[in-house]
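One letter stands for each residue in the lines below.
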Amino acid sequence: MTRVEVAIVGAGFAGIGVASALRRAGREDFVVLERAESVGGTWRDNTYPGIACDVPSHLYGFAAHPNPAWSGTYAKGAEIHAYLEHVVDVEGLRDRVLLRTPMRGAAWDAEREVWRIATPDEVIVADVLVLACGRLTEPTIPRFAGLEQFPGPLFHSARWDHSADLAGARVGVVGTGASAVQIVPELARTAAHVTLFQRTPAWIVPRGGDAYSDADRARFAASPQALEALRADLYAEGEARFASRAGDSAAAADAEAVALAHLERQVADPALRAALTPDYAFGCKRVLLSDDFYPAVASEAVTLVPSALTEVDGSTLVVSDGTRHEVDALVLATGFASTRQPYAELVTGEGGATLAEHWSGGMTAFASTVVAGFPNFFVLNGPNASLGHSSSVLMIEEQAGYVTRVLDARGGRVLRVDPEAERNYTDEIARAAASTRWMTGGCRNWYVDERSGRLALLWPGTVDAFRERLARADGSEFLPAPAIEGIPA
């Protein structure tokens, strides 16, 4: 049995971020549980062709760890994975990360007021449990009739099978989201043909961006001030994007015009252009960045099927319009279980209910971080902690700061969230989200929980607003400690 003050589950950006924050705050008694063989989270798991970040590199990193060596405006996936490995080493976290150690279950021990976390090898006992498991970890596999009998290579984009030789093959790709727009141009270069099954088109804007030269990287390395200024500029640009994503009429109209002009420039065929034009408001779904997706789809190497796949009949894919398409391999770029986090089934709180049961009507938390009924418990990158306009790492850093502030003020007492505080915060989120494009834009997106109709994933505001909201949390979100042996609480 291992006994620690804080157990962190997950060694992606969120887990590394909160571990680093604890160490800088002088807390050393913690471990990080990671189910895989290395750190990195989604940037370890996703290795598909063309994977890269769609947030500028110098904003997609920790403020305390600027990286002058990024290869370009948008970092490749392998670079980001290497960056996280580097941060672990620089922060001295390597001996605190327990690799190949999945959390099998976690339960609050009310008698001893500790968390008991089951792993394959032992039970870890911790005063505090931090879930930093990520929101895009478990792939969604659609339930197509006959899918299990598909005879060729078949895999999800987040579990890319590099042993499958797709060169010269007829490849089907299901989905036109963020992963697909990066994958399709890469496959189009090597496959015999790509058939792309599109249920709903995405709004796509120009990506742009350049490779950084050796001189650029040398300048960044020599001048921390230059890196700091660049990050500040990128931060301001990101905050300015919130208006167009959330639904400010003028900003959204301008952004939509940019997207439509981009489509018209790159797709000459009116019928194909019409099939690629969304029929919902700009910003309702995640806005994508690409300069090579439309040219690939418009080329002879790709066939767009603007209908949902409904059935798999051997190597024949059948879609809702009745057409049939022969493929040799099938890639599912079909997203993740975002609103129903799989880790929630594994965590049992003070009253015996699981986190999944507490979240049966959609994820909720006070400050997007602490949950009623789950003492001494924090969740990062969970309810209303994602962004539709800027870097999610910024939100993780704010949450990590909140965790350390709360623990510093804890004084050894058990932290129990006032259910009323969580309800009020949830209502506050709902009011802020009500008029946004995510709620009113006429689309189905992965930000909204289908069970409750609430915006469960996104923070409906700027990063500045999130920082200010967390700064207003003064401890009143927690119930007073009960009186003990006649001593007032």
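Up top you'll find the structure we're talking about.
What you are looking at is a predicted structure, and each value in this text was computed from that prediction instead of being measured.

Q: How would you sum up the state of the cysteines? Please name residues and give values.
A: Summed over all chains, the structure comprises 1 disulfide. With its sulfur 2.0 Å from that of its partner, C284 forms a disulfide with C443. Taking the sign of the torsion about the S-S bond as the criterion, the disulfide between C284 and C443, at about -95°, is left-handed. Pair noted here: C284 is in the loop between α8 (270-275) and β11 (288-289) and C443 is in the loop between α13 (437-440) and α14 (463-471), with a separation of 159 residues, a long-range link.

Q: Describe the pattern of salt bridges, naming the residues involved and giving the relevant values.
A: Throughout the structure, instances matching the rule amount to 32 salt bridges. A salt bridge links R416 to E113; the shortest N-O distance between them is 3.8 Å. Pair noted here: R416 is in the loop between α11 (392-410) and α12 (419-433) and E113 is in the loop between β4 (105-109) and β5 (114-118), with a separation of 303 residues, a long-range link. Its relative accessible area of 21% is what places R416 among the partly exposed residues. Linking R469 and E428 is a salt bridge whose minimum nitrogen-to-oxygen distance equals 2.8 Å. Within this pair, whereas R469 is found in helix α14, its partner E428 is found in helix α12, the two being separated by 41 residues in sequence. A relative accessible area of 13% places R469 in the buried class. Counted as one network, the salt bridges with shared partners bring together E5, R27, D408 and R410.

Q: Any details on α14? Residues and values, ideally.
A: All of the buried residues in α14 are V463, F466, R469 and L470. For α14, the angular spread of buried residues about the axis comes to 120°, placing them on one side. Those residues of α14 that are buried are in contact with α6 (224-246), α11 and α12.

Q: Mind laying out the packing of aromatic side chains, listing which residues take part and the relevant values?
A: For the coordinates displayed, the defined rule picks out 17 aromatic pairs. When the ring of F293 is compared with that of Y294, the centres are 5.9 Å apart and the planes differ by 45°; the resulting orientation is tilted. Of the two residues, F293 and Y294, both sit in the buried class. Centre to centre, the rings of F366 and Y425 are 5.5 Å apart; their planes meet at 55°, and the pair counts as tilted. Note that F366 is positioned in the loop between α10 (355-358) and β18 (377-379) and Y425 in helix α12, a separation of 59 residues in sequence. On the basis of relative accessible area, Y425 is assigned to the buried category, the value being 1%. Through successive ring pairs, a cluster of aromatic residues spans F13, W43, Y60, F62, W70 and Y83. If you follow R96 out to its NZ or CZ, it ends over the ring of F30, 5.2 Å from the centre. For R207, the ring lying beneath its charged end belongs to Y74, and the centroid distance is 4.1 Å.

Q: Describe unusual backbone geometry, with residues and values.
A: A positive phi is found at A367, a non-glycine position, where the angle reads about 55°. Inspection of the secondary structure puts A367 in the loop between α10 and β18. For A367, a relative accessible area of 1% gives the class buried. Located in the positive-phi region is N376, a residue other than glycine, with phi close to 50°. Tracing the backbone through its elements, the reader meets N376 in the loop between α10 and β18.

Q: Break down α6 for me, citing the residues and quoting the values.
A: Here α6 contains 23 residues, and its C-alpha end-to-end distance of 33 Å stays within 8% of the 33 Å for a straight helix at 1.5 Å per residue. Of the residues making up α6, those classed as buried are L227, R231, L234, Y235, G238, E239, F242, S244, R245 and A246. Downstream of α6 by one or two residues, G247 has phi in the positive range, about 125°.

Q: How would you sum up the sheet that holds strand β8 (residues 170-174)? Please name residues and give values.
A: Read from one edge of the open sheet, 5 strands run β7-β16-β8-β9-β12, paired in parallel fashion. Looking at strand neighbours, the two that pair on one side only are β7 (154-156) and β12 (302-305), the edges of this open sheet. Taking each pair of neighbouring strands and ignoring which way they run, the sheet shows an average axis angle of 20°. Sheet topology places β8 next to strand β9 (residues 193-197); 5 bridges connect them, and they run parallel. Bridge pairing in β9 links V174 to F197. Along the sheet, helix α4 (residues 178-190) contacts β8, β9 and β12; its crossing angle with β8, the most-contacted strand, is approximately 170°.

Q: Can you break down the packing of helix α1 (residues 13-24) against helix α3 (residues 77-90) residue by residue, with the values?
A: The contact between α1 and α3 brings their axes to 11 Å, and the two run at 20°. One way to sum up the angle between α1 and α3 is to call them roughly parallel. For α1 against α3, the interelement crossing comes out left-handed. Contacts between α1 and α3 involve F13, I16 and S20 on the former and, on the latter, I80, Y83, L84, V87 and V88. A breakdown of the residues in the contact of α1 with α3 according to their chemical character gives 7 nonpolar, 1 polar and no charged.

Rules used throughout
- Residues numbered from 1 in each chain as written.
- Predicted model: local features only at pLDDT ≥ 70, side-chain atom pairs only at ≥ 80, totals over all residues.
- Heavy atoms only, no water.
- Disulfide = S-S within 2.5 Å.
- Helix = DSSP H or I, 4+ residues; strand = E, 2+ residues; numbered from the N terminus.
- Salt bridge = Lys/Arg side-chain N within 4 Å of Asp/Glu carboxyl O.
- Buried < 20%, exposed > 50% of the residue type's maximum accessible area, 1.4 Å probe, protein only.
- Arc of directions from axis to C-beta.
- Contact = heavy atoms within 4.5 Å.
- Phe/Tyr/Trp six-rings, centres within 6.5 Å; stacked < 30°, edge-to-face > 60°.
- Lys NZ or Arg CZ within 6 Å of the ring centre and 35° of its normal.
- Expected span 1.5 Å × (residues − 1).
- Pairing = 2+ DSSP bridges.
- Axes fitted to C-alpha atoms, helices over the stretch in contact; angles between N-to-C directions.
- Parallel < 35°, antiparallel > 145°, perpendicular 65-115°, else oblique.
- Left-handed = near helix turned anticlockwise from the far one by under 90°.
- Nonpolar A, V, L, I, M, F, W, Y, C, P; charged D, E, K, R; others polar.

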